[in-house]
Amino acid sequence: MENFVITMEKAALISNLDNLSLITPKHQRLYFGPEFCQHLLPSPPELKEALNFARQRRLSFTLVTPFVTEEGLKKLIPLWEVLKDWQKSEVVVNDWGVLYFLRENYPEFFLVLGRLLSKQKRGPRLLNIKDKIPQEMWNHFQRSYLDLPLVRNFLFQKGIRRVELDNLLQGIKGDPRIPASLYYPYTYVTTTRMCLTNACDQRTQPLRSIFPCRKECSIYTFKLTHRNMPLPLFIKGNTQFFKNEEIPSHLSELGIDRLVQEVEYESNFHSAQ
Amino acid sequence: MKILSPVNKPREVESLIAAGAQELYCGVLSSSWKKKYTNVASPNRREWKASNLNSYQELKEVVTLAHSQDVPVILTLNAFYTRPQYPALEKQLEEGLRAGVDALIVADLGLILFIRERGIKIPLHISTGGTTFNSQTIKFYQELGASRIILPRHFSVPEIVEIVQKAKGMEMESFILNRGCKNIDGFCTFQHGVNEVRWGPVWNIPKSRGLDYYFLNTLRRLPSRISSPISRSSLFGSVGACFLNYEVQAFSSPSIKVNEEKLRSAERSLSSTFNLLSGLDPCGVCHLYEFQKAGMHSVKIVGRSNPTSKKLKDVKFLKASLNFLSRKPSQEDFVIFVKEKYREIYRFPCGELCYYYGKSSLNL
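Residues numbered from 1 in each chain as written. Chains lettered and ligands numbered in written order. Predicted model: local features only at pLDDT ≥ 70, side-chain atom pairs only at ≥ 80, totals over all residues. Heavy atoms only, no water.

### As for the overall build of chain A
1) Next: Helix and strand counts for chain A stand at seven helices and 12 strands.
2) Next: Since a compact globule built from 273 residues should have a radius of gyration of about 19 Å, the 18 Å found for chain A is in line with a globular shape.
3) Next: Counting only C-alpha atoms, chain A reaches 55 × 50 × 35 Å along its principal axes.
4) Next: Counting the 273 residues in chain A, one finds 64% classified as buried.
5) Next: Approximately 10,400 Å² of chain A is accessible, and the part contributed by carbon and sulfur atoms is 49%.
6) Next: Averaging the positions of the 36 positive and the 29 negative side-chain charges in chain A gives two centres separated by 2 Å. (Helix = DSSP H or I, 4+ residues; strand = E, 2+ residues; numbered from the N terminus. Rg over C-alpha atoms; globule rule 2.2 N^0.38 Å. Buried < 20%, exposed > 50% of the residue type's maximum accessible area, 1.4 Å probe, protein only. Areas by Shrake-Rupley, 256 points an atom, 1.4 Å probe, with all protein chains shown as cover. Lys, Arg positive; Asp, Glu negative; His and termini not counted. Charge placed at Lys NZ, Arg CZ, Asp CG, Glu CD.)

Following this line, the structure appears as structure tokens:
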């Protein structure tokens, strides 16, 4: 297993330029951008700065994009214009509309299916019923729709050349015929636009709302524990994660040839461990 | 704008249609599927036996009753499936088509492609699980042959109006009552129905009798000083992951430190969102005014497992509101009417637990 890890490409994921310092010489690729929130999309100058950083360090570059509303689609357009001038840039898409738009307008981009669209089954409470469920169900929860040839072929036709995977507690089964990246050590479980972090330091917060963003996520992180949740959950911004540090030993059988280290989350959640 | 009502038993079909339902939707959790995958991996995103019809025979009965009054029935097959499930899924699909359903609610790209490859001619409605947040996603699904998009819950009213107005040649549908999940349905991977596996009939019997609904509906009417501690009581701590009464710890980022008082305040605020009443039965009926003008095709009542009496109240409330809307009132008069009708039908004030926020600023 160690050999696989050593020969693998290692990437570092950040969404904030302030965290470029978290990139180390062991990283060969920079993943830059937010997966879960359009409010955190970089401005064109910020994207240029990240690209320059990658070029100076001889890092490959991947722009990460979230799911977006109409407003988010508009915010992305200047970023595409910056990115198109850079050779061999990848884009992680977490929105079918972004995929459609890029195929229509920027077919030169190398597209990657983000983990919001890989449809793995991540909820940790599956462990609570492990002894009460049939084997077929356990197998089902290790897979996603990506193991269907129909889906793989369709995605390939749409320009998808790689898929992004999370490290499931129940293990992963999959098809190695499409290159994959594995994110570690945090697995996302759920996300929202009714951001729990938004207005969290104001006691008047109502239960359901989509408020204007004040970027409280740059200040607060949360740890949730409960006896019926097999392991702690971590909240960063609008998204919940759990930690799984055990990297599978059969990465090559899964087509995984890249590890994406969530260095920013590691830094954010450090005090919450 | 059509009223789309849930149904989970044949005997409620006629009364729902009589009350004003113009479309019905339902799911089937058959014993053969449940044996292999349990309720937790339900084929239709409702992971409780009580939310579903028990067999395709029951589906046939629902379809026959509904069609006798020219009301279409839409079958939910909107989970995310994996390759080993396809033989069982194909059987579900065939049984549904044989029962005569009029459309399918789907979310899974694989199933959409499978249906297309097999040349099955049936309208496809893209579930909220399809996460259609923008007009480009509508085009994506349009190319795949979808005829209707069901919008996610996580929109403001102006955003809904904008996307509906941009959806050319596509029917648009929006949630309007009940179950205001705080997480995005198509991106949330928490399992539901875990307790049904753990506790079996002990959990299932009260759920099938709608006791959870009656309990929560009573709880929400109590003063908050009474309801709040109960809604976060550990007695009910084994429910869905969104409602667990977590112990919450807040931390400040390495670069921006905040004082202890602010951290504790943030902890209290976040803790308060994890309770049994979180997102319970919100209402978006005031916004039918904007939805209708924008061109919304259907509005959906959520809550397949709700008691028939609750479903009937929901349908009657919507029917009365749409009738009033047809008289072309001002927006202000419409909202006043809706709030009065809510109090009359449910016998308590709406409490302004709104499904959607913000008034449309577009020219309607």
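### Comments concerning the overall build of chain B
1) Next: A tally of regular secondary structure across chain B gives 15 helices and nine strands.
2) Next: Taken over the C-alpha trace, chain B has a radius of gyration of 21 Å; the compact-globule value for 364 residues is 21 Å, and the two agree within 12%.
3) Next: Counting only C-alpha atoms and orienting by the principal axes, one finds that chain B spans roughly 60 × 50 × 45 Å.
4) Next: Among the 364 residues that make up chain B, the fraction classed as buried is 61%.
5) Next: In chain B, once contacts between residues fewer than 6 apart in sequence are set aside, the share between residues at least 24 apart is 72%.
6) Next: When the accessible surface of chain B is summed, it comes to about 14,200 Å², and 53% of that surface belongs to carbon and sulfur atoms.
7) Next: Taking the average place of the 49 positive charges on the side chains of chain B and the average place of its 33 negative ones, the gap between the two points comes to 3 Å. (Contact = heavy atoms within 4.5 Å.)

### Brief notes about the domain arrangement of chain B
Interface size, as often reported, equals the accessible area lost upon joining of the parts.
Residue and element names in this part refer to chain B.
1) Next: Examined at the domain level, chain B breaks down into domain 1 (2-180 + 281-346) and domain 2 (194-273).
2) Next: Each of domain 1 and domain 2 has a C-alpha centre, and these two points are 28 Å apart.
3) Next: Taken together, the contacts link 16 residues of domain 1 with 12 residues of domain 2.
4) Next: Interface of domain 1 and domain 2: buried area, both sides summed, is about 1,100 Å²; carbon and sulfur atoms make up 50% of it.
5) Next: The tally of links from domain 1 across to domain 2 stands at one salt bridge. (Domains from an automatic or database assignment. Buried area = accessible area lost by both parts, 1.4 Å probe. Salt bridge = Lys/Arg side-chain N within 4 Å of Asp/Glu carboxyl O.)

### A few points about helix H7 (residues 157-166) of chain B
It helps to recall that an α-helix has 3.6 residues per turn; residues three or four apart then point in one direction.
1) Next: Turning to H7 of chain B, its buried residues number three or more, namely Val157, Glu159, Ile160, Val161, Ile163 and Val164 of chain B.
2) Next: Looking at the buried side of H7 of chain B, the elements it contacts are helix H6 (135-143), strand S7 (171-177) and helix H13 (288-294) of chain B.

### Here we look at the interface of chain A and chain B
1) Next: Listed as interface residues are 82 residues of chain A and, on the opposing side, 92 residues of chain B.
2) Next: Summed over both sides, the interface of chain A with chain B buries roughly 7,400 Å², with 61% coming from carbon and sulfur.
3) Next: Here chain A is connected to chain B by five salt bridges.
4) Next: Taken together, the links from chain A to chain B amount to 30 residue pairs in polar contact (both at pLDDT 80 or more).
5) Next: Tallied by class, residues from the side of chain A that touches chain B come to 39 nonpolar, 23 polar and 20 charged. (Polar contact = N/O pair within 3.5 Å; in protein donor to acceptor, adjacent residues only side chain to side chain. Nonpolar A, V, L, I, M, F, W, Y, C, P; charged D, E, K, R; others polar.)

### Digging into the sheet that holds strand S2 (residues 29-32) of chain A
All names here are of chain A.
1) Next: Around the barrel, which closes on itself, the eight strands sit in the order S1-S2-S3-S4-S5-S6-S7-S12 with parallel pairing between neighbours. Geometrically, the sheet is characterised by an average inter-axis angle of 30 degrees between neighbouring strands, direction not taken into account.
2) Next: Strands S2 and strand S3 (60-64) of the sheet are contacted by helix H2 (residues 44-56), whose axis makes an angle of about 170 degrees with S2. (Pairing = 2+ DSSP bridges. Axes fitted to C-alpha atoms, helices over the stretch in contact; angles between N-to-C directions.)

### Remarks on the packing of helix H6 (residues 149-157) of chain A against helix H5 (residues 109-117) of chain B
How two helices pack is summed up by the angle between their axes together with the distance between the axes.
1) Next: Packing of H6 of chain A against H5 of chain B brings their axes to within 9 Å, and their N-to-C directions diverge by 95 degrees. It follows that H6 of chain A is roughly perpendicular to H5 of chain B by the angle criterion. Taking contact as the criterion, the partners of Leu150, Val151, Phe154 and Leu155 of chain A in H6 of chain A are, on H5 of chain B, Leu109, Gly110, Leu113, Phe114, Arg116 and Glu117 of chain B.
2) Next: The class makeup of the residues in the contact of H6 of chain A with H5 of chain B is seven nonpolar, one polar and two charged. (Parallel < 35°, antiparallel > 145°, perpendicular 65-115°, else oblique.)

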